[in-house]
Amino acid sequence: MKKTGTLLISFLLLNVGIAGASDVKTGKTVTISKDAPNNVYVAAGDVNINAKINGDLVSAGGKIRVNGATQQDVLLVGGEIRLNAQSEGDVRILGGEVRVTENVKGDLTVTGGEITIDEGVTIGGDLIVAGGEVRLNGNVLGKVHIAGGKLYLNGNVEGGIEAKAEFIEINGHINGESEIAAKKLILGSSAFFGGNVKYWTGRHSPSFSGKLADGVKASYNTSLKPDWADWEYKLGDVSHKVKRGIGFFQVFSGLLMTLLLIAFGDKMFSRYAGQASRNVGPALGLGTMLLIGIPFLASVAFITVIGIPIGVIGMGVYGAMMSTSVALPAVIAAYEWRKLKDQNWTRGGITMVAVGLFLGLRLVSHLPVVGLIIGFVASAIAFGYIYMIIRKKIDPGAPASQDSDEEKEGEDFV
């Protein structure tokens, strides 16, 4: 198991170029204060990029601040992300709360709970966004593709736009052709369309009077109606029962997995309790690589006949991981809670807390976008933490209240 995990990580790093000329660091806090000549890969609780990155930047963390210019592509995964410096390449972000305050010369792809692109920011390529609440206050030179709960468009778009959301409010200029679908669509006094508009709205038809360039037309198009627009009216009793049955099975199997993890893993979880919170950054980075790397490598293996058995094993491992993706974080958190709060819980008490945490995560996972992000981060930390235990990267005897040497050394590494 140890060798297999190491090979998976190593092969993944090799495929994405980390094994080449690059800087890699993990820790509780990582701060880069000197210019980096090569690619930089960081996984930490707090990440601060305060210098110029001349290669690619890949980072996973709880809070990420990019205050230094990047010369190539950027990939960021975290809870709270700020892109405060110009990027010369493409940027891809997955985060809970994302804010872009400086220009991106390439394409920008963002998935998050709350996404804001500040006024004055220019996206040189296309903008692709999926979020709970999206505020586009800047300018986009390419095309825009947006899906979300709420969309506020106050900037200018040179290319066309495709937007689908529960609520859309437009107060900006769109010079290309537009396809807009929303349950509620509001056109502000500053809204203006330089290209033809196709739209669908579920509540009322907004007035395009004075908001269209000469020769431009706006037409209501029912084909743009999203599948989710009237799902609440179309679900019959049968589909409701099927949905409830599937949900019950998922909850039941998850609760069973929680009990099994505690029953067979109590000794290990008790021994390492208190160490998860000290290794959040490294665990998140390793877990993210595992969750992305295993299915990727399995898919690559399926391409060749000789690699099919490896691909089958890889997908089997990934399936086993997914079966514990909610239960495992809940169990780890319960043991962590007992240790850090110095609670005298029996195994029965631990079980009750773990079950409560499991049900809480299940509820949160149903939140659009944000739930997906929270679930992914929780699972990544849990799998990364277990991998670190297997590889003996964690000292079970280390004080839970003190920073490790690795964390202290993570302050500045370039």
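The rules behind these values
Residues numbered from 1 in each chain as written. Predicted model: local features only at pLDDT ≥ 70, side-chain atom pairs only at ≥ 80, totals over all residues. Heavy atoms only, no water. Helix = DSSP H or I, 4+ residues; strand = E, 2+ residues; numbered from the N terminus. Buried < 20%, exposed > 50% of the residue type's maximum accessible area, 1.4 Å probe, protein only. Pairing = 2+ DSSP bridges. Axes fitted to C-alpha atoms, helices over the stretch in contact; angles between N-to-C directions. Parallel < 35°, antiparallel > 145°, perpendicular 65-115°, else oblique. Left-handed = near helix turned anticlockwise from the far one by under 90°. Contact = heavy atoms within 4.5 Å. Nonpolar A, V, L, I, M, F, W, Y, C, P; charged D, E, K, R; others polar. pLDDT = per-residue confidence, 0-100. Phe/Tyr/Trp six-rings, centres within 6.5 Å; stacked < 30°, edge-to-face > 60°. Lys NZ or Arg CZ within 6 Å of the ring centre and 35° of its normal. Core = buried A, V, L, I, M, F, W, Y, C linked by side-chain atoms within 4.5 Å. Salt bridge = Lys/Arg side-chain N within 4 Å of Asp/Glu carboxyl O.

The next subject is the environment of P37. Of note, P37 is situated in the loop between β1 (22-32) and β2 (39-49). The exposure class assigned to P37 is exposed, which follows from its relative accessible area of 57%. P37 sits 17 residues away from N54 along the chain, and the two C-alpha atoms are 5.1 Å apart.

Across a sheet, strands are paired by hydrogen bonds formed along the backbone, either parallel or antiparallel in direction. Spatial ordering of the open sheet is given by β7-β9-β11-β13-β15, a layout of five strands whose pairing is parallel. In the strand order of this sheet, the two ends are held by β7 (122-123) and β15 (192-193), each with one partner. Relative to strand β13 (residues 173-174), strand β11 (residues 156-157) runs parallel, the two sharing two bridges. Bridging from a neighbouring strand, N156 pairs with H173 of β13.

Their axes nearest at 8 Å, the elements helix α6 (residues 327-340) and helix α7 (residues 347-365) cross at an angle of 130 degrees. One way to sum up the angle between α6 and α7 is to call them oblique. In this structure, α6 crosses over α7, and the sense of that crossing is right-handed. Residues A327, P329, A330, V331, A333, A334, Y335, W337 and R338 of α6 form the contact with α7, whose own contacting residues are I350, V353, A354, L357, F358 and L361. Here the contact of α6 with α7 is composed, by residue class, of 14 nonpolar, no polar and one charged.

It is worth spelling out the pairing of strand β8 (residues 127-136) at this point. Sheet topology places strand β6 (residues 108-117) next to β8; nine bridges connect them, and they run parallel. In the strand pairing of β8, G112 is matched with G131. The pairing of β8 with strand β10 (residues 144-153) spans nine bridges and is classified as parallel. Bridge assignment links V134 to a residue of β10, and that residue is L151.

Scored by pLDDT, the chain comes out at a mean of 78, with 77% of its residues at no less than 70. Segment residues 231-246 is flagged for pLDDT under 50; beyond a separation of four residues in sequence, or across chains, it makes two contacts in the model.

Within the structure shown, the criterion is met by five aromatic pairs. Ring centres 5.0 Å apart and planes at 45 degrees place the aromatic pair Y199 and F208 in the tilted group. The exposure class assigned to Y199 is buried, which follows from its relative accessible area of 7%. These aromatic residues form a ring-pair network of at least three members: F193, Y199, F208 and Y220. The positively charged end of R135 is found above the aromatic ring belonging to Y152, 4.2 Å away from the centroid.

Take the nonpolar core next. Ranked by size, the top nonpolar core spans 53 residues in total, and within it L108, I168 and I170 carry the most contacts. Setting aside residues up to four positions removed in sequence, I168 forms contacts with L151, A163, I180, A181, A182, K184, L185 and I186. Among the nonpolar cores identified, the runner-up in size contains 35 residues, and Y272, A283, L286 and Y387 belong to it.

Before going further, it helps to examine the side chain of K211. With respect to the helices and strands, K211 occurs in the loop between β16 (197-201) and β17 (218-220). With near-sequence residues (within four places) excluded, K211 lies in contact with L187, G188, S189, A191, F192 and F193.

To continue, consider the packing of α6 against helix α8 (residues 370-390). Following both chains from N to C, one finds α6 and α8 inclined at 70 degrees, their axes separated by 8 Å at the closest point. In terms of orientation, α6 and α8 fall into the roughly perpendicular class. The two elements α6 and α8 meet at a crossing, and its hand is left-handed. Residues L328, P329 and I332 of α6 pack against A378, S379, A382, F383, Y385 and I386 of α8. Here the residues of the contact of α6 with α8 sort into eight nonpolar, one polar and no charged.

It is worth spelling out the pattern of salt bridges at this point. Within the structure shown, the criterion is met by seven salt bridges. With its nearest N and O atoms 3.9 Å apart, the salt bridge here joins R82 to E80. Looking at R82, the relative accessible area reads 14%, which means it is buried. Note that D118 is salt-bridged to R99, the shortest N-O span being 2.9 Å. Note that D118 is positioned in the loop between β6 and β7 and R99 in strand β5 (residues 91-100), a separation of 19 residues in sequence. R99 sits in the partly exposed class, given a relative accessible area of 38%. Salt bridges linked by common partners bring R65, E80, R82 and E97 together as one network.

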